[in-house]
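Per-entry structural report
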Amino acid sequence: MWIWPVILFSVIPLAPRGPEARTFTTFDPATSLEVIPYSPYVDSITDLVSFDSVGAYILRLQNFQTRYSFTDSVIQASEWISAKFQSFGYDSVYFQTFPHPENPSSIQRNVVCVKPGLITPQEVIVIGGHYDSVVYGAGANPYVWAPGADDNGSGTSGVLETARVLANIPTDRTIIFVAFAAEEQGLYGSETYADWAASQGMDILLMINMDMIGYEKDFVWFVAIEGNYASRSEIDLAAEIADLYTSLIPQVSYTTAPYSDHWPFLANGYHALMLEESDFNYNNWHRNTDIIDSLRIPYAAQVVELATGLALWIANRPDPPTDLSATPGPSSGSILLTYTPPPQPDVEGYEITYRQGGTTDTLITSDTSVVIEGLQPGVPVVLKARAFDALGFYSVPSDSVIATPTQVAEGPVLPSPSLRFESPRPGVLLFAGPVGTRGSLTVYDISGRQKIHTTFTLKQTRTVVPLRLKQGVYFAIWDVGTQILRTKVVVIQR
Ligand SMILES: [Zn+2]
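Now for a quick tour of the structure. All figures in this text were calculated on a predicted structure; none of them were measured in a lab.

Before going further, it helps to examine the packing of aromatic side chains. By the definition in use, this model includes 19 aromatic pairs. Measuring from centroid to centroid gives 5.0 Å for F280 and Y282, while their planes differ by 70°, and the two rings are edge-to-face. Cluster of aromatic residues (ring-pair linked, three or more members): F180, Y193, W196, F265 and Y270. When the ring centre of F64 is taken as reference, the NZ or CZ atom of R60 above it lies at 4.0 Å. Above the plane of the ring of F219 lies R296, whose end atom (NZ or CZ) is 4.2 Å from the centre.

To continue, consider the packing of helix α2 (residues 51–62) against helix α8 (residues 297–316). The axes of two packed helices give the description: the angle between them and the distance between them. Relative to each other, α2 and α8 sit at 105°, their axes nearing to 9 Å. Here α2 is positioned roughly perpendicular relative to α8, judged by the angle of their axes. Counted together, F51, V54, G55 and I58 of α2 and I297, P298, A300, A301 and V304 of α8 form the full contact between these two elements. Grouping the amino acids of the contact of α2 with α8 by side-chain chemistry returns 8 nonpolar, 1 polar and no charged.

This next bit is on the sheet that holds strand β10 (residues 322–328). In spatial order, the strands read β10-β11-β14; together these 3 strands make up an open sheet with antiparallel pairing. Unpaired on one side and paired on the other, β10 and β14 (369–372) mark the two borders of the sheet. Sheet twist, expressed as the average angle between the axes of neighbouring strands with direction ignored, equals 20°. Across 4 bridges, strand β11 (residues 335–340) lies against β14 in antiparallel orientation. Considered in β14, the bridge of I335 is made with I372.

Strand order in the open sheet formed by 4 strands is β13-β12-β15-β16, and the pairing between neighbours is antiparallel. Bordering the open sheet on either side are β13 (359–365) and β16 (401–403), each of which pairs with just one other strand. In this sheet, adjacent strand axes meet at a mean angle of 30° when their direction is disregarded. Strand direction decides the pairing type here: strand β12 (residues 347–356) and strand β15 (residues 381–389), joined by 9 bridges, are antiparallel. Among the inter-strand pairings, T353 is bridged to a residue of β15, identified as K384.

What counts, and where the lines are drawn
Residues numbered from 1 in each chain as written. Predicted model: local features only at pLDDT ≥ 70, side-chain atom pairs only at ≥ 80, totals over all residues. Heavy atoms only, no water. Phe/Tyr/Trp six-rings, centres within 6.5 Å; stacked < 30°, edge-to-face > 60°. Lys NZ or Arg CZ within 6 Å of the ring centre and 35° of its normal. Axes fitted to C-alpha atoms, helices over the stretch in contact; angles between N-to-C directions. Helix = DSSP H or I, 4+ residues; strand = E, 2+ residues; numbered from the N terminus. Parallel < 35°, antiparallel > 145°, perpendicular 65-115°, else oblique. Contact = heavy atoms within 4.5 Å. Nonpolar A, V, L, I, M, F, W, Y, C, P; charged D, E, K, R; others polar. Pairing = 2+ DSSP bridges.

Put into C-alpha cells, the structure is as follows:
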C-alpha cells in the first residue's frame, strides 16, 4: 500500500488520502451482477490453500529484514520468490527489470511466473502483489529493518500460494503471477508491467491485486473488494465467491484510487480489483512493528482462497453464447430462441433467463435452439443466456434480446373454434372445449341487471348448465380472460 501524495495534485488541504478514505458497503447478493451456483469442484481447489504455507511465506519474507527497494536484500527476496515459483513446477519464470525512476542505477525486478492456458492462452488473468517494503517515522531506517509482514509479505504470500495451489490444475486461460517491485515509491513495478502488457496488446481479462491481507482485529472477518465501476461484474463475482467458499464477509467498493498495484491496470483500461483487509492495520502500517505476530494467518489464508477461487472462475468459465435471436414461436405464447455456442469444447448446456412483466423464469437446455412456452401472448419478453460446463463454471450472461410471444387462438385459456358456448335449448347453457378451460359466466336480464356471476373450470369436454331463472330472455357473457363470448339465452317456464 502506497501513500498517495495528494498534496502534489492539489493546493487545497485535503483529508489524508490513503486507504482510510475508502468507503465500502456490505455486499448485497440481491444486487449482484453475477449470481453463481455452488461448485464442488471449485471448493475442492480452494480447500488446497494452506495457512501453514501462507504463514511460512510471510515469515520467510519478513526474515529478509528489509525489502526496501534500494537494498541488496530486496534482490535476495526476488531470487527467493523466483525459486519458489520454479519449485512449484513452472517452466516460465523470469524477471522483468527496469531502472527505478527515482534512482536509475537501481535496477528493479518484477518476478513473473506464467501458467499457460490450454484452450485460449491469449486470454490472461494476472494475480499480483508487491513484495517491496518500507518504514517511516521515528527510529525507522528502511535500509536496515522494514519487515513488511502485512505490507506486503501477506499479498506476496498470497501470490505464491495461489501459484502453488493452481500449479497442476488445468485452466482454459493463461494465469500470470507477478510479484511487483517498487510499489512503495509509486507503483513503479505494476506500472511497468501493465504498460508493457498494454503495449503488447495483451488480453488481460482481470487483474487481482492482493495488498495487506493479513490483519484482522477480531474474529469478524470482513474482506474489502475494491475496483472501478467498469470492474463491477468481477467485484460482484469475487463477493459471491467469498460467500460461497470462504468465511469472509465481503465488502465492496466500485470506486478506487491510485494507492496500490491494481491502479496501473485500470489506467490501461483493464478490469482489476484489490483484495485487502477491511480493518486496516493502522498501528503497524509502514512501521518497524509490521511483523507476523500482529497478523491472523488463517484470515489471510481465507483471502487467498478467495483469490484462488476467483482466478479459477475467470480462467475456466466458458464464453457466453452469442448471436442470440428470438422470434415468435410455433404455438401460442411461445418464443423460439437460437444462439451460437461458445468455443469451449466442454460446454454442457445453457441457462436461459426470461422476464415478462415482473416475472423472471429460467430454463436449462443443452440445445442451441429452444422453444419457450407458457408465456403471455402479445407481451414482450426479455431473454438472455449463459453457458455452463462440465465442472460447473458459468459464463457471464449474454446480451439481452427482446421478442413478443406468438398470439394464436388455441389452448385452454383462449377461445377457438373448438370452444363452444351456446344455448342449445331453452333454459340451459352448453360449454364445449378442452378440459381445464377456465372462465367466468355472467348472465344479465334484458334490462341489464346481473342475475348470475360465477367462475368455473370445465371438468369434461361438454358441460350443460341449467339456469335457475324465471321465464324470459337473457344475455350470457363468458369471459375467458382474453376474449369475451356472448350469446342470447331464452328461459321458458314449464
Ligand atoms: Zn505500503
